[in-house]
Amino acid sequence: MHLIRSFTLSVLIIGCFSGTLVAQSYHASTVSARGTQAASDPWWKHAVIYEIYPRSFQDSNGDGIGDLNGITERLDYLQTLGIDAIWLTPINPSPQVDFGYDVTDYNAIDPAYGTLADFDRLVAEAKKRDIHILLDMVMNHTSNQHPWFIESRSSTDNPKRDWYVWRGGKLDGTPPNNPPTNWISSFGHNGWQWDPKTQQYYWHHFYIEQPDLNWENPAVEKAVFDSFRFWMNRGVGGFRLDAVTALFEDPQLRDAKLLPGHNSYGDQLQDNSYYSNLPREHDVMRRLRRLTDTYPGDIVLVGETRLPTEELSRWYGGAKHDELQLPMDLAFGFIDKMDLQQFRHLLSEAEFHLDGNQPLFVFNNHDRPRSLDRYGDGVHNPQIARLLAALLLTTKSAAMMYYGEELGMVTTPPKRKEDVKDPIGRYGWPVQKGRDGERTPMQWDASTSAGFSQAASTWLPLPPSYTTVNVAAALKDPNSLLNWYKQLIAMRRTVPSIHRGDITILNADHPAVLAYARHIEGAPSTLVAMNFTAQPQSITLDAAKHGVSGSHVKTLMSSAGELKSNMSVSFTLPPFATWIGSLTK
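A brief structural summary. (Residues numbered from 1 in each chain as written. Predicted model: local features only at pLDDT ≥ 70, side-chain atom pairs only at ≥ 80, totals over all residues. Heavy atoms only, no water.)

It is worth spelling out the environment of Leu301 at this point. In this structure, Leu301 sits in strand 12 (residues 300–303). Along the backbone, Leu301 and Arg240 are 61 residues apart, and their C-alpha atoms lie at a distance of 6.1 Å. Dropping the residues within four chain positions of it, Leu301 is found in contact with Phe239, Leu241, Leu288, Arg289, Thr292, Leu324, Gln325 and Leu326. (Helix = DSSP H or I, 4+ residues; strand = E, 2+ residues; numbered from the N terminus. Contact = heavy atoms within 4.5 Å.)

Written out as structure tokens, the structure is:
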């Protein structure tokens, strides 16, 4: 590799939780404050997207519920962290059965979160800090309280009847026990709800209170697309498309094939291919992409797409790149154990099977227990948290974080059924306790209500950990997980090989260490090595074997004090340690 021109590197050794963390400072005439973004790259291509659950981030008016003005108050913190965009889970008016994913008005703000003026202020203040706002668009369904559905349900000949999926029952049965198919809802039990008034069933992929829109009807597409226009006209930077693989259903209404086993609600598992990920989804995505491309600012479409890698490529539009820019690669968040082979396999899949599209890795979100509870072993959690952060932020992917991840927040599920807010937990208790545990308020400081609210009680209780695990404490500790994240994000922006470089898996046969090189013409390569076990592991990085040349190795960051600033390519990684180094000639 050629030496970089006009790029200098200085290394400062500072303390780390488990040893020495090596921080870096960079200067380059070709590197802007926002990093090494190529002039032709859209802003989202290498972005760090930070998911905020608005109810839980910051309460500005003392009612115990987070709101838009609270998010605006915390923008300086997010700017300092280094994120590029905020994804807000739904802020539209809603009965809050599914906390916003049951929408009653696509073109308004729920009063619990504020007003349209508050939203406009958030967008404007975020823009001053080079932060884009992404909205969650619930395309698949509405609330059963939405005016559209109220009309649709009023009679079989109402003009909006065909805006939802209504069907008669099977011939061999008596309502309400003869649904059109055996399809089950994602939230348990048959997904067809009998309506006595009009003597038909409606389909709900999710809760009974969330009837599915009928995307076979062009009027539905027009109405929803008009809402996209409404928000783009207000300056949003993009959208996360909820349940986007569930827009269409099999027109022949064939029963799903049953599979071995049962879900947490007691339903027999089934193949959902008749009501998920149907080919017509892609026609809608292409038309939506054409719409968003007519607006300036590189509007980005992020998809909730829990699919195998070969299916994800189709959601980009394959080699045509004409559908979503960033389908979410959720597989990383479902490994749920420190399985090196699976992580290595997924990295390779993303590199070679996405038709050159930009991956978007997701380890945490509002629907899953937090990563430390899924991957931690209770002994090496600080090291494992750093490893997962490095894996997210030093690969080729755009990255998605979940609020509090940078602090090491953990899942705190309810202890009693009567305390559960999430309907999933009430339906599935005690096997399924719901998603309250990963949605607890952000832990800002050790004061009452963790600095989240001035209310006597908050919508979800605060975890006991907030007194020690919080932003204020982390900012004072140079060895904190928060500062590890900040340095990784800074490196991601300013080191060309990490920002825009290719990725090459190294030592692919090593049973315990994940290693890869990030490399780009004209700049030093970056080597990354992570020990996935609780035992020390020796490794000699084989970068030269893959054409990544260099003889001088210098540590950039490490979670282990044993790994000093000047090294060779042969070393021993302590348990769950992460090492990141620069390789030059």
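Turning to the environment of Met401, a few remarks are in order. Inspection of the secondary structure assignment puts Met401 in strand 15 (residues 398–402). Classification of Met401 by relative accessible area gives buried; the value is 0%. Sequence spacing of Met401 and Ala389 is twelve residues, and the spatial spacing of their C-alpha atoms is 9.2 Å. When residues no more than four places from it in sequence are discounted, the contact partners of Met401 are Val48, Ile49, Tyr50, Glu51, Leu81, Leu392, Glu406, Tyr485 and Ile489. (Buried < 20%, exposed > 50% of the residue type's maximum accessible area, 1.4 Å probe, protein only.)

Here the focus is the side chain of Thr292. Within the element layout of this structure, Thr292 appears in helix 6 (residues 281–292). Classification of Thr292 as buried rests on a relative accessible area of 0%. For Thr292, the side chain forms a polar contact with the main-chain oxygen of Arg289, separated by 3.1 Å. Not counting chain neighbours up to four residues away, the residues in contact with Thr292 comprise Met232, Ile299 and Leu301. (Polar contact = N/O pair within 3.5 Å; in protein donor to acceptor, adjacent residues only side chain to side chain.)

Relative to the 20 Å expected for 14 residues at 1.5 Å per residue, helix 13 (residues 481–494) spans 20 Å between its end C-alpha atoms, a close match to the ideal helical length. Of all 14 residues making up helix 13, twelve are buried, and the element is well covered by its neighbours. (Expected span 1.5 Å × (residues − 1).)

By definition, the strands of a sheet pair up through backbone hydrogen bonds, in either a parallel or an antiparallel sense. Within the open sheet, the eight strands sit side by side as 13-12-9-5-4-3-15-14. Their pairing is parallel. Of all strands in the sheet, those with a lone pairing partner are strand 13 (326–327) and strand 14 (360–362), marking the two edges. Pairing geometry for strand 3 (residues 48–52) and strand 15, over four bridges, is parallel. Note that in strand 15 the partner of Glu51 across the bridge is Tyr402. Where helix 10 (residues 381–394) meets the sheet, it contacts strand 3, strand 14 and strand 15, and its direction lies at approximately 140° from that of strand 15. Each of strand 3 and strand 15 touches helix 13; the most contacted strand, strand 15, lies at about 160° to it. (Pairing = 2+ DSSP bridges. Axes fitted to C-alpha atoms, helices over the stretch in contact; angles between N-to-C directions.)

For the pair helix 10 and helix 13, interaxial distance at closest approach is 10 Å and the crossing angle is 20°. Taken together, the axis directions place helix 10 and helix 13 in an arrangement best described as roughly parallel. Here helix 10 and helix 13 pass one another in a crossing that is right-handed. In contact with Ala385, Arg386, Ala389, Ala390, Leu392, Leu393 and Thr394 of helix 10, helix 13 contributes Leu481, Trp484, Tyr485, Leu488, Ile489 and Arg492. When the residues that make up the contact of helix 10 with helix 13 are grouped by side-chain class, the tally is ten nonpolar, one polar and two charged. (Parallel < 35°, antiparallel > 145°, perpendicular 65-115°, else oblique. Left-handed = near helix turned anticlockwise from the far one by under 90°. Nonpolar A, V, L, I, M, F, W, Y, C, P; charged D, E, K, R; others polar.)

Tallying each qualifying case throughout the model produces 34 aromatic pairs. On the numbers, 5.6 Å between centres and 35° between planes, the contact of Phe332 with Phe363 is tilted. Here the residue Phe332 occupies a position in the loop between strand 13 and helix 8 (340–352), and Phe363 occupies one in the loop between strand 14 and helix 9 (371–375), the gap between them amounting to 31 residues. Across the pair, Phe363 and Phe332 agree in class, each one buried. (Phe/Tyr/Trp six-rings, centres within 6.5 Å; stacked < 30°, edge-to-face > 60°.)

Under the 1.5 Å per step criterion, the end-to-end length of helix 8 is 18 Å for 13 residues, consistent within 8% with the ideal 18 Å. Within the span of helix 8, buried status applies to Leu340, Phe343, Arg344, Leu346, Leu347, Glu349 and Ala350. Elements in contact with the buried residues of helix 8: helix 7 (309–316), strand 14, helix 9, helix 10, strand 16 (502–506) and strand 17 (513–519). Between a side-chain oxygen at the N-terminus of helix 8 and the backbone nitrogen of Gln341 the separation is 3.1 Å; the capping residue is Asp339.

This paragraph deals with the nonpolar core. Within the largest apolar cluster, 137 residues are counted, with the highest numbers of intra-cluster contacts made by Tyr50, Met139, Phe228, Phe239 and Leu241. Setting aside residues up to four positions removed in sequence, Met139 forms contacts with Leu213, Trp215, Val224, Phe228, Leu241, Asp242, Val244, Leu247, Val284, Met285 and Leu288. Counting 19 residues, the second-largest nonpolar core is a separate cluster that includes Leu506, Val553, Phe571 and Ala577. (Core = buried A, V, L, I, M, F, W, Y, C linked by side-chain atoms within 4.5 Å.)

Quick look at the pattern of salt bridges now. Taken as a whole and assessed by the stated rule, the structure comprises 29 salt bridges. For the salt bridge of Glu125 with Lys128, the shortest nitrogen-to-oxygen distance reads 2.9 Å. You can see Glu125 and its partner Lys128 sitting in helix 3 (residues 116–128), three residues apart, about one turn around the helix. With its nearest N and O atoms 3.1 Å apart, the salt bridge here joins Arg129 to Glu125. The pair formed by Arg129 and Glu125 is uniform in burial state, with each residue classed as buried. (Salt bridge = Lys/Arg side-chain N within 4 Å of Asp/Glu carboxyl O.)

To continue, consider the side chain of Asp118. Along the chain, the position of Asp118 falls in helix 3. With residues up to four places along the chain from it excluded, the contact list for Asp118 reads Leu68 and Asn69.

Looking now at the pairing of strand 20 (residues 552–558). Most of strand 20 sits inside the fold, with five of its seven residues counted as buried. Where strand 20 and strand 23 (residues 578–584) come together, six bridges link them in antiparallel fashion. Of the residues in strand 23, the one forming a bridge with Thr555 is Gly581.

This paragraph deals with unusual backbone geometry. The peptide bond linking Pro175 to Pro176 adopts the cis configuration, its omega dihedral lying at 5°. The residue Pro176 is located in the loop between strand 6 (166–167) and strand 7 (192–195) in this model. Cis geometry is found at the peptide bond from Trp429 to Pro430, where omega equals 0°. The backbone of Phe99 shows a phi angle near 50°, a positive value even though the residue is not glycine.

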